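# Topology and contacts: notes
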There are 2 protein chains.
Amino acid sequence: MVNMSQHMERDYGLEKDDKISNSVIRRLPVYLRHVQTLRAAGIQTISSQQMGVQLDMNPAQIRKDFAYFGEFGRKGVGYDIEYLEHMLLQILHLDRQIGVALVGAGHLGIALSNYARFQSERITIMALFDNDPVKIGTHIGDLIVQDMKFLREQCHDRNIEMGIIAVPAAVAQDVCDRLVEGQVRVILNFAPTNLRVPKHVILRTTDFTTELQALAYYIAR
Amino acid sequence: MVNMSQHMERDYGLEKDDKISNSVIRRLPVYLRHVQTLRAAGIQTISSQQMGVQLDMNPAQIRKDFAYFGEFGRKGVGYDIEYLEHMLLQILHLDRQIGVALVGAGHLGIALSNYARFQSERITIMALFDNDPVKIGTHIGDLIVQDMKFLREQCHDRNIEMGIIAVPAAVAQDVCDRLVEGQVRVILNFAPTNLRVPKHVILRTTDFTTELQALAYYIAR
């Protein structure tokens, strides 16, 4: 029997062993994107009040979130945009490249690979795998679809730290095991199934059906 | 200035005006899926202890979650699987069909439409839209891609209650506005942008980049 915090770590909260809650962590990329938009617009400083209005959030919440990581702002001046971006990138470990292995070259895999190419900050899909002989060897964007049998060694040899599972549920655990053997640290799973990982690996399952079903609750409100 | 609870409603928590937190609601589909698996296996009753082990969760959490909605179990007997499924479907409003309009017939839209066809419980994608003349009129599964200009009237006339946005960020607000005008109640947005909706509409944004960036935080742990 494991306790709820472990379950939360796997599927909902990832809060185990961390003083800073996952809700805080999940807001950091939102701040990051906003700060980058401001910097691109030539803005140099911002107060938590202004940021609160722009992001539709409580300024006290923003100040509290930043305070977990140190003193970023100055009274009466606010936050220096460039410094704030620097700090957010550092906290999220986005101050260096993070390699991702994407498994599954179906419509979802292709959508994720297109999406990531244009949107993501320092997180790079370095390798794409599938077990379909028709797909293996084809190009998707800059990537060539590789045979799943190379998954483990590619992750290991190229120091890939993140895995994305975009395969049918029936083969997801096998893919997950290979990613773990390839020393991947963090896995984002899109297959609608519960996967098992060792304790040192962080797994998050994003389940489209569960998302829709939970939203259905709010329909009759 | 709006408060954090409103922001949470839009992007993270949907907790505004609800006594039952969104974390509870998001666990209900997980219970539902498990209960359906058990029923298919011919199992008739289950205790919260057993369910806790099977789902890797704390049994007290499970009992507490169910208790929000009434007395489902009996001391020493546990939960009747069939009754539990019935109640979960009712709570989630999945005891009737819910119509969905999916906007965007790119790779993501196709992936979502395939996924939903096989996985989803009483949530049916009834209409699929795109603005690309090449895609309009083509078949994707059982659906014909329709011109975006019919989005509003189709939602309204066919009593579609849910909308899914799978279009590029630049056109997402326009799509969102049309869904709202079509009287959709709940919107799931996959475009990486902040959308505005009136207060009576529930919006949840699922942002792949934000998800990956938040996970990067855990890499160096």
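Details of the structure are given in the entry above.
Residues numbered from 1 in each chain as written. Chains lettered and ligands numbered in written order. Predicted model: local features only at pLDDT ≥ 70, side-chain atom pairs only at ≥ 80, totals over all residues. Heavy atoms only, no water.

### A few points about the side chain of Asn189 of chain A
The cut-off we apply is this: Counting from the N terminus, the helices are DSSP H or I runs at least four residues long and the strands are E runs at least two residues long. Polar contact is defined as a pair of N or O atoms within 3.5 Å, subject to the rule that within protein one atom must be able to donate a hydrogen and the other to accept it, and that residues adjacent in sequence are counted only when both atoms are side-chain atoms.
Along the polypeptide, Asn189 of chain A turns up in strand β9 (residues 186–189). A polar contact of 2.8 Å, which involves the side chain of Asn189 of chain A, links it to the backbone nitrogen of Ala191 of chain A.

### Brief notes about the pattern of salt bridges
Side chains bearing opposite charge may pair, as long as their charged atoms lie close to each other. To keep things clear, this is the line we draw: The rule for a salt bridge is simple: a side-chain nitrogen of Lys or Arg has to be within 4 Å of a carboxyl oxygen of Asp or Glu. Exposure classes here rest on a 1.4 Å probe applied to the protein chains alone. A residue is buried below 20% of its type maximum, exposed above 50%, and partly exposed in between.
Evaluated as defined, the whole model comprises 14 salt bridges over all chains. Of the charged contacts in the structure, one is a salt bridge between Glu211 of chain B and Arg26 of chain A, with a shortest N-O distance of 3.2 Å. Taken together, the positions of Glu211 of chain B in helix α9 (residues 208–216) and Arg26 of chain A in helix α2 (residues 22–40) put the pair across two chains. Both residues of the pair, Glu211 of chain B and Arg26 of chain A, count as buried. For Asp65 of chain A, the salt bridge goes to Arg27 of chain A, with nearest N and O atoms at 2.6 Å. Here the residue Asp65 of chain A occupies a position in helix α4 (residues 59–67), and Arg27 of chain A occupies one in helix α2, the gap between them amounting to 38 residues.

### Here we look at the relation of the copies chain B and chain A
Rules: The least-squares superposition of copies is restricted to C-alpha atoms, and to residues with a pLDDT of at least 70 in both copies. Note on contacts: a residue pair is in contact if any heavy atoms of the two residues lie within 4.5 Å.
Turning chain B through 180° and shifting it by 0.0 Å along the axis lays it on chain A, with an RMSD of 0.0 Å. Look at the turn and shift together and you get a two-fold axis relating the two. Rotation axis and chain B: the residue whose C-alpha lies nearest the axis is His107 of chain B, separated from it by 2.4 Å. A share of 99% of the interface residues of chain B reappears at the interface of chain A, consistent with the copies meeting face to face through the same patch.

### Notes on helix α5 (residues 81–91) of chain B
Residues and elements named next belong to chain B. What α5 keeps buried is the set Ile81, Leu84, Glu85, Met87, Leu88, Leu89 and Ile91. Taken together, the buried residues of α5 touch α2 (22–40), β1 (45–46), α4 (59–67) and β3 (78–80). Positive phi appears at His93, one or two residues downstream of α5, with a value of about 60°.

### Considerations on the sheet that holds strand β7 (residues 143–147) of chain B
All names here are of chain B. To keep things clear, this is the line we draw: Should DSSP find at least two bridges between two strands, the strands are taken to pair. The axes are straight lines fitted to the C-alpha atoms, using for helices just the contacting stretch, and the angles between their N-to-C directions are given from 0 to 180°.
Taken in spatial order, the seven strands line up as β6-β7-β5-β4-β8-β9-β10 in an open sheet, and their pairing is mixed. Only two strands of the sheet have a single neighbouring strand rather than two, namely β6 (139–140) and β10 (202–205). In this structure, β6 lies alongside β7, joined through two bridges in antiparallel fashion. Its bridge partner being in β7, His139 is matched across the sheet by Ile144. Each of β4 (98–103), β8 (162–165) and β9 (186–189) touches helix α8 (residues 169–181); the most contacted strand, β8, lies at about 170° to it.

### Comments concerning the interface of chain B and chain A
Formally: As used here, buried area is the combined drop in accessible area, with a 1.4 Å probe, of two parts when they are placed together.
Every contact between the two is made by 78 residues of chain B and, on the other side, 77 residues of chain A. Interface area, chain B with chain A, both sides summed: about 7400 Å², of which 64% is carbon and sulfur. Together, Phe208, Tyr218 and Ile219 of chain B form the three largest contributors to the area buried by chain B at its contact with chain A, with a combined 11%. Linking chain B with chain A are four salt bridges, by the criterion used here.

### Side note on the packing of helix α3 (residues 48–55) of chain A against α4 of chain A
Residues and elements named next belong to chain A. Basically, it comes down to this: Angle categories: roughly parallel below 35 degrees, roughly antiparallel above 145, roughly perpendicular from 65 to 115, and oblique for all the rest. Each helix crossing is assigned a hand: it is left-handed if the near helix lies turned anticlockwise from the far helix by less than a right angle, otherwise right-handed if that turn is clockwise. Classification convention: Asp, Glu, Lys, Arg as charged; Ala, Val, Leu, Ile, Met, Phe, Trp, Tyr, Cys, Pro as nonpolar; all other residues, Gly among them, as polar.
It is at 8 Å that the axes of α3 and α4 come closest, and there the two elements cross at 115°. The orientation of α3 relative to α4 falls into the category roughly perpendicular. Considering how the two elements wind past one another, α3 and α4 form a crossing that is right-handed. Where α3 approaches α4, its residues Ser48, Gln49, Met51 and Gly52 are matched on the opposing element by Pro59, Ile62, Arg63 and Phe66. Per-class residue counts for the contact of α3 with α4 are four nonpolar, three polar and one charged.

### A look at the environment of Leu84 of chain A
All names here are of chain A. Mapped onto the elements, Leu84 comes out in helix α5 (residues 81–91). Placed 53 residues apart in sequence, Leu84 and Tyr31 show a C-alpha to C-alpha distance of 9.2 Å. Once you skip the residues sitting within four places of it in the chain, Leu84 turns out to touch Val35, Phe66, Phe72 and Tyr79.

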